[in-house]
Amino acid sequence: MPLRLKLFRSALAFGLCAGGLAAMTPAYAQTAAAPSPAAPLVDPAQDAAKRAFEALPEADRVAIQDGLIWTGDYKGIADGKFGKGTRDAIAAFAARNKFPADGTLDAKGRAALAAAAIKAKDAVNFSVKADERAGVRIGLPQKLLTKAKPLASGTRYSSADESFSVETTHIAGAVPLQDSFNVAIADAPGRKVTYKVLRPDFFVVTGEAGANTFYTRMTRGERGLAGFTITYPASAKARLDPVSIAIANSFVAFPEAAATAPAPTAGPNASPNASPSAPAAANPAVPNVENGAAKPVLTASGIAIAPGLILTSLPKTCSEPLVGTKKAKVAKQDDADGLTLLSLPGAPAASLPLRVTDPASPAQVVILSFVPHSNADELTGASGDFHKADATSAWRLLAPLQSPVAGAAIFDRSGALAGLVPVEASPGKPIAGVLPQMNRAALPASKLASFLGDARPKPAEHADPRTAGEIVAMGRPAMVPIYCPH
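In this text, all values refer to a predicted model and were calculated from it rather than measured experimentally.

## Some words on the pairing of strand S12 (residues 296-306)
Stage number 1. A large share of S12 lies buried, amounting to 10 of its 11 residues.
Stage number 2. Of the strand pairs in this sheet, S12 and strand S25 (residues 479-485) are connected by seven bridges, and their pairing is antiparallel. In the strand pairing of S25, Ala300 is matched with Ile482.
Stage number 3. Direction of pairing for S12 relative to strand S13 (residues 309-313): antiparallel, over a ladder of three bridges. Paired with Ala306 across the strands is Leu309, a residue of S13.

Shown next as structure tokens:
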């Protein structure tokens, strides 16, 4: 996990609490009450719920917390860690939806939570944007924040009536964090700071200004300071607290630096926050360069669809692809869109189904793909919208993918393979080191089935909706990185 993301989550642990953005105090930290030293006590219900939660993959734990943020039940951070806040939030959601209110969620409960979260995100069109002026990446409810005004060193995103806003900022140079903190906590008529915390690399300040609630965060980076301030009417807390917490959870300062930081060596860290793109698993090291050969670079993602067979999309110039560190042969390739079937004895055999028919448009999907890091490339998961304008139009994918996009696997909410992203002549121009969310070409399941012929995987059967975390866990074993000489 990039250091800045760890610092950001640490900051939120102090700030995003049961009282919402306006009442962030350490008293609301997600921890169980300390037992008496003289007579240690264990709450059996809390312990059972904790064990059930921690038995889930990390991706599922994060997905549950993220979903509970959007349902308004959880005011903390989606870090996969269990505490009283998580248990109470699960119990509240379960009781309201007539599931057992014991602090746990079974598969049906998680599916219902995922559906509720998707509905809430869609209602405000929440998506992550790269803000080049401030050098940050941040999630925004685009149906609510309809106006964008460039500032000297950032952007002000606001509602039509200016009552709800998110303002990003970048202070270049060696500006002391303490100076910025002093400005943020300064008294002013009608302004009251309700919580403040200063650490070596970040600060968080929350409070009230007249009839408004505000939340400010600033992070130190190699290029100076970057941060944001959220402001909205205190009267709209019930409606906007979940959205504001999701915004704060999505924030990454100087993402171009985070993208080049050393990658984690192991362990999943998938989040459908989506953030909107979060590491799902670390991959083996990048192939070594031997005897002066051209350096292999991460070119595409691939998915194992049968023993020894990998489906991807590659440029014609990649005649000697590597799957991880092993050489693969091009068994079949479509000149029009780069669809490629690679042969590699010993490649993993997937049990993932392929859709029999294309989904109804638009379809909410989860996309898995690899992104490059200096030491180990990572599998990432993102949520997106798979759609086409009419029956005769080509399929498109709206999602915050990061380069390389070729071969990114598109899964429907049942976990079936619904499509693939082909090679593109121009995958998009990075902003602040990040590709913005954009509409791009996508190949549907019917195209994949036609290309694969007898090699196509088993057809998908009807299945209940799964959480993004469940889909990541299902797809991870079949996904492989593909390298080509550069």
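Picking up where we left off.
## What about the state of the cysteines?
Stage number 1. Summed over the entire model, instances satisfying the criterion amount to one disulfide.
Stage number 2. Each disulfide pairs two cysteine sulfurs, and for Cys318 the partner residue is Cys484, the sulfurs being separated by 1.8 Å. One disulfide, between Cys318 and Cys484, carries an S-S torsion of -85 degrees and so falls in the left-handed class. In this pair, Cys318 is assigned in the loop between S13 and strand S14 (322-323) and Cys484 in strand S25, connecting sequence segments 166 residues apart.

## Brief notes about the side chain of Thr299
Stage number 1. One can find Thr299 in strand S12.
Stage number 2. Here the side chain of Thr299 touches Cys484 through a polar contact of 3.4 Å, landing on its backbone nitrogen.
Stage number 3. Aside from chain neighbours lying at most four places away, what touches Thr299 is Leu314, Pro315, Pro404, Ala406, Ile482, Tyr483 and Cys484.

## Brief notes about the sheet that holds strand S9 (residues 224-233)
Stage number 1. Taken in spatial order, the seven strands line up as S3-S4-S5-S9-S8-S7-S6 in an open sheet, and their pairing is antiparallel. Looking along the sheet, the strands with just one partner apiece sit at the ends: strand S3 (147-151) and strand S6 (191-199). Across the sheet, the axes of successive neighbouring strands diverge by a mean angle of 15 degrees, strand direction being ignored.
Stage number 2. Pairing of S6 with strand S7 (residues 202-209) involves eight bridges; the strand directions are antiparallel. Paired with Arg191 across the strands is Ala209, a residue of S7.
Stage number 3. Relative to S6, helix H6 (residues 177-184) is tilted by about 165 degrees, and along the sheet it contacts strand S5 (165-172), S6, S7, strand S8 (212-221) and S9.
Stage number 4. Together, S5, S8 and S9 form the strand contacts of helix H7 (residues 237-250), whose direction differs from that of S9 by roughly 165 degrees.

## Here we look at the sheet that holds S12
Stage number 1. The strand order S15-S14-S25-S12-S13-S17-S16 describes an open sheet built from seven strands, whose pairing is antiparallel. Strand pairing shows two members of the sheet lacking a second neighbour, strand S15 (326-327) and strand S16 (329-333), which therefore form its edges.
Stage number 2. Looking at chain direction, S14 and S15 are connected through two bridges and run antiparallel. Within the sheet, the bridge partner assigned to Leu322 lies in S15 and is Lys327.
Stage number 3. Strands S12, S13, S16 and strand S17 (339-343) of the sheet are contacted by helix H9 (residues 445-452), whose axis makes an angle of about 45 degrees with S17.

Procedures and definitions
- Residues numbered from 1 in each chain as written.
- Predicted model: local features only at pLDDT ≥ 70, side-chain atom pairs only at ≥ 80, totals over all residues.
- Heavy atoms only, no water.
- Buried < 20%, exposed > 50% of the residue type's maximum accessible area, 1.4 Å probe, protein only.
- Helix = DSSP H or I, 4+ residues; strand = E, 2+ residues; numbered from the N terminus.
- Pairing = 2+ DSSP bridges.
- Disulfide = S-S within 2.5 Å.
- Polar contact = N/O pair within 3.5 Å; in protein donor to acceptor, adjacent residues only side chain to side chain.
- Contact = heavy atoms within 4.5 Å.
- Axes fitted to C-alpha atoms, helices over the stretch in contact; angles between N-to-C directions.

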